[in-house]
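Structural overview for review
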Amino acid sequence: MSADGEGRSPWFDDEAGPVVRPYAMTRGRTSSAAQHRLDLIAVVVTEPGADDPESDPTLSPEHVDIVERCREAPQTVAELAAELDLPIGVVRVLVGDLVDLESVHVNRPVPPAELPDESILRDVINGLRAL
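Residues numbered from 1 in each chain as written. Predicted model: local features only at pLDDT ≥ 70, side-chain atom pairs only at ≥ 80, totals over all residues. Heavy atoms only, no water.

1. Here we look at the nonpolar core
Core analysis: the biggest nonpolar cluster contains 21 residues, and V44, I66, L80, V91, V95 and V106 have the highest contact counts within it. Only α2 (61-72), α3 (77-84), α4 (88-100) and β5 (104-107) provide two or more residues apiece to this core. The greatest single-element share of this core, amounting to 6 residues, is contributed by α4. Setting aside anything within four residues of it in sequence, one finds I66 in contact with L80, L84, L94, V95 and L98. (Core = buried A, V, L, I, M, F, W, Y, C linked by side-chain atoms within 4.5 Å. Buried < 20%, exposed > 50% of the residue type's maximum accessible area, 1.4 Å probe, protein only. Helix = DSSP H or I, 4+ residues; strand = E, 2+ residues; numbered from the N terminus. Contact = heavy atoms within 4.5 Å.)

Okay, here's the thing in C-alpha cells:
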C-alpha cells in the first residue's frame, strides 16, 4: 500500500508513469559484450553510414536516443547520462551495444602518461626560437 492508503504499486508515479529500473534497460548486464572501456569524457559519435536506428526493432528507445543525440553533435558519455537522466553505468552498457552494432564509435581521451611533458615542449619552443 502507498502512504496515502491506496493500493497502488510503489513503482508507479502518476506524472511519470511506471518506473523502469536501470537493470531492465540493460537486460541485467553491467557491461557490454566487448567490454569497451568508456571514460566519462570519451566522445561518442554516430557513424556516418549508420542506418536509421528507429528502423531496428532490436534497439531500445534509449539506444535510439543516444544515436540521434550523437548524430546532431558528438557527446561525451557524461553528457549523454545527464541528458538522458540515466546512470553512467547504464549509458556505458548502451553505448557499448551501439559500438558492437557499428552505429557509433568512441573517441577516447589521450591518457596523461602519453601526453608530452611540459619541459620537453618548452625545450622544443626554445630550440625553434634559437633558429
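Here the narrative resumes.
2. A short note on the sheet that holds strand β4 (residues 75-76)
Spatial strand order, β4-β3-β5: 3 strands in an open sheet with antiparallel pairing. The two strands at the open ends of the sheet, each matched to only one other strand, are β4 and β5. Where strand β3 (residues 43-46) lies against β5, 4 bridges are found, and the strand directions are antiparallel. Along β5, the bridge assignment pairs V43 with N107. In this fold α2 packs onto β3, β4 and β5, with an angle of close to 90° to the strand it touches most, β3. (Pairing = 2+ DSSP bridges. Axes fitted to C-alpha atoms, helices over the stretch in contact; angles between N-to-C directions.)

3. As for the layout of surface pockets
By volume, the second largest pocket is sized at about 150 Å³. Classifying every residue of the lining of the second largest pocket gives 4 nonpolar, 2 polar and 4 charged. (1 Å grid on protein atoms, 1.4 Å probe; cavity = no way out; pocket = protein on both sides within 12 Å on 5 of 7 lines; lining within 4 Å. Points joined across faces, edges and corners; volume = space filled by probe spheres on them. Nonpolar A, V, L, I, M, F, W, Y, C, P; charged D, E, K, R; others polar.)

4. A short note on the environment of A50
Looking at the element boundaries, A50 is found in the loop between β3 and α2. Residues A50 and L101 lie 51 residues apart in sequence; the distance between their C-alpha atoms is 9.2 Å. Beyond its immediate chain neighbours, meaning those up to four positions away, A50 contacts R71 and S103.

5. Quick word on the packing of α3 against α4
Angle between the axes and distance between the axes are the two parameters that describe a pair of packed helices. Close contact between α3 and α4 brings their axes to 9 Å; oriented N to C, the two are set at 115°. Classed by the angle they form, the pair α3 and α4 counts as roughly perpendicular. In terms of crossing hand, the pair formed by α3 and α4 is right-handed. In contact with V77, A78, L80 and A81 of α3, α4 contributes I88, V91, R92 and V95. (Parallel < 35°, antiparallel > 145°, perpendicular 65-115°, else oblique. Left-handed = near helix turned anticlockwise from the far one by under 90°.)

6. Looking at α4
Look at α4: 18 Å from first C-alpha to last across 13 residues, which is about the 18 Å you get at 1.5 Å a residue. Among all positions in α4, only V90, V91, V93, L94, V95, G96, D97, L98 and V99 are buried. E102 occupies a position one or two residues after α4 and carries a positive phi of about 60°. (Expected span 1.5 Å × (residues − 1).)

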